[in-house]
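# Examination of the molecular architecture
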Amino acid sequence: MDQQGILTVVSGFSGAGKGTIMEELVSRYDNYALSVSATTRAPREGEKEGKAYYFKTREEFESMIARDELIEYAQYVDQYYGTPKEYVLASLAAGKDVLLEIEVQGALAVKEKFPDAALVFITPPDAAELKRRLLGRGTESAEKIEARLRRAAQESRLMGNYDYILVNDKLDECVEELHRLIQALHTRACCRQDLIKRIQEDMKQFEKGE
Ligand code: ADP
Ligand code: 5GP
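Residues numbered from 1 in each chain as written. Chains lettered and ligands numbered in written order. Predicted model: local features only at pLDDT ≥ 70, side-chain atom pairs only at ≥ 80, totals over all residues. Heavy atoms only, no water.

### As for the pairing of strand E8 (residues 118-123)
For clarity, the cut-off: Three labels apply to residues, based on accessible area from a 1.4 Å probe with only protein chains included: buried if under 20% of the type maximum, exposed if over 50%, partly exposed otherwise in between. By the criteria applied, helices consist of DSSP H or I runs no shorter than four residues and strands consist of E runs no shorter than two, each listed in order from the N terminus. A pair of strands counts as paired when DSSP detects no fewer than two bridges linking them.
Most of E8 is tucked away, with six of its six residues classed as buried. Side chains Ala118, Val120 and Ile122 of E8 all project onto a buried face; the interleaved residues Leu119, Phe121 and Thr123 project onto the opposite face, where all are buried too. The pairing of E8 with strand E9 (residues 164-167) spans four bridges and is classified as parallel. Following the sheet pairing, threonine 123 is matched in E9 by valine 167.

### Observations concerning the nonpolar core
Put simply, the test is: Joining through side-chain atoms within 4.5 Å is the link that ties buried Ala, Val, Leu, Ile, Met, Phe, Trp, Tyr and Cys residues into a set, and such a set is a nonpolar core. Here a residue-residue contact requires only that any non-hydrogen atoms of the pair lie within 4.5 Å.
Counting 23 residues, the largest nonpolar core has Leu7, Val9, Val88, Val98, Leu100 and Val110 as its most contacted members. Elements that contribute at least two residues to this core include exactly strand E1 (7-12), helix H3 (85-93), strand E7 (97-101), helix H4 (104-113), E8, helix H5 (127-137) and helix H6 (142-156). Contact partners of valine 110, with chain neighbours within four places excluded, come to Leu7, Val9, Ile71, Glu72, Leu100, Ile102 and Ala117. Counting 15 residues, the second largest nonpolar core, distinct from the first, contains Leu25, Ile122, Leu178 and Leu181.

### Looking at the pairing of strand E6 (residues 79-84)
By the criterion of burial, E6 is predominantly enclosed, with five of the six residues buried. Of the pairings in the sheet, the one linking strand E3 (residues 38-39) to E6 comprises two bridges and is antiparallel in character. Looking at E6, one finds that alanine 38 is bridged to glycine 82. In terms of strand pairing, strand E5 (residues 70-76) meets E6 through six bridges, oriented antiparallel. The residue bridging alanine 74 from the neighbouring strand is tyrosine 81, located in E6. Between E5 and E6, which pair antiparallel in sequence order, lie two residues; one of them, valine 77, sits at a positive phi of approximately 45 degrees.

### What about the sheet that holds E9?
The cut-off we apply is this: All axes are obtained by fitting lines to C-alpha atoms, using only the stretch in contact for helices, and the reported angles, taken between N-to-C directions, cover 0 to 180 degrees.
Ordered in space as E2-E7-E1-E8-E9, the five strands form an open sheet in which the pairing is parallel. The two strands at the open ends of the sheet, each matched to only one other strand, are strand E2 (32-34) and E9. With direction set aside, neighbouring strand axes in the sheet form an average angle of 25 degrees. The pairing of E2 with E7 spans three bridges and is classified as parallel. Residue pairing for E7: alanine 33 is matched across the bridge by valine 98. Of the strands in this sheet, E1, E2, E7, E8 and E9 are in contact with helix H7 (residues 171-185), which crosses E9 at around 160 degrees.

### Some thoughts on the environment of arginine 137
Definition in use: Any N or O atom pair separated by 3.5 Å or less is treated as a polar contact, with the protein-specific requirement of one donor-capable and one acceptor-capable atom, and with residues adjacent in sequence counted only for side-chain atom pairs.
Tracing the backbone shows arginine 137 in helix H5. Taking the relative accessible area as the measure of exposure, arginine 137 reaches 35% and is therefore partly exposed. In sequence terms arginine 137 and lysine 208 are 71 residues apart; their C-alpha atoms lie 66 Å from each other. When residues no more than four places from it in sequence are discounted, the contact partners of arginine 137 are Ser14, Gly15, Arg44 and Arg148. In this structure the side chain of arginine 137 is engaged in a polar contact, spanning 3.0 Å, whose partner is the side chain of threonine 139. Side chain to side chain, arginine 137 and glutamate 140 meet in a polar contact 3.2 Å long.

Put into structure tokens, the structure is as follows:
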């Protein structure tokens with residue numbers, strides 16, 4: 001088995017389908033660990049504490065920052081969102097492929113700290129479909145949807161900084177494409193240090209002429 005799991009950061013416009021894709025991926029395959037973020041935003045209908053998010057007050061969130069408990073954090077449409085450190089580090093060490101579903105600033109901050117992390121950007125096929133999905137989800141007011149669409153337009157300028165771009169047109173295809181991508185990343189040399197060392201050791205016999 002690989003030493004460490006792979007850290008994959010998934011971003012995309014609000015309403016692109018990230019949450020739906022992550023949920024499917026985790027339910028179809030065993031080796032994923034989905035990080036649960038902390039946030040100051042209010043829970044949506046049906047969102048459970050510790051499953052969708054750890055819901056925090058501003059004071060609680062700011063003390064997590066002060067105690068250095070977050071890998072990264074960002075403000076998104078006036079609310080804090082951040083990635084708790086402990087779960088991510090423990091899961092990677094246990095060989096799990098860790099998924100972070102976070103916005104663009106956070107993703108770029110993760111890449112600074114974890115240069116081997118894979119940055120994946122998920123986009124709907126076009127802008128009209130994005131608006132349809134956000135309206136269809138029905139979880140935000142018209143005003144909040146407008147704010148999210150404005151933010152999406154800004155985020156689209158940073159898509160080019162990502163390693164991979166996936167189009168979420170047909171959900172099932174996008175889930176499988178993401179899974180294949182992450183599995184393929186296991187063959188990168190940076191993920192195969194144990195194997196490299198074993199083969200190098202093994203090859204020494206030929207230097208000695210055995
Ligand atoms: P995000 O987590 O990126 O904000 P969601 O996962 O909440 O987005 O998806 C937004 C809405 O779009 C949801 O109502 C979801 O059911 C729907 N959706 C997700 N993927 C697709 C898809 N491939 N085709 C059509 N609708 C989708
Ligand atoms: P939502 O309110 O729709 O759940 O999330 C809003 C945005 O915050 C999404 O783009 C989501 O990916 C992002 N987000 C969720 N958790 C985190 C996090 O821990 N850190 C950062 N930087 N962004 C996050």
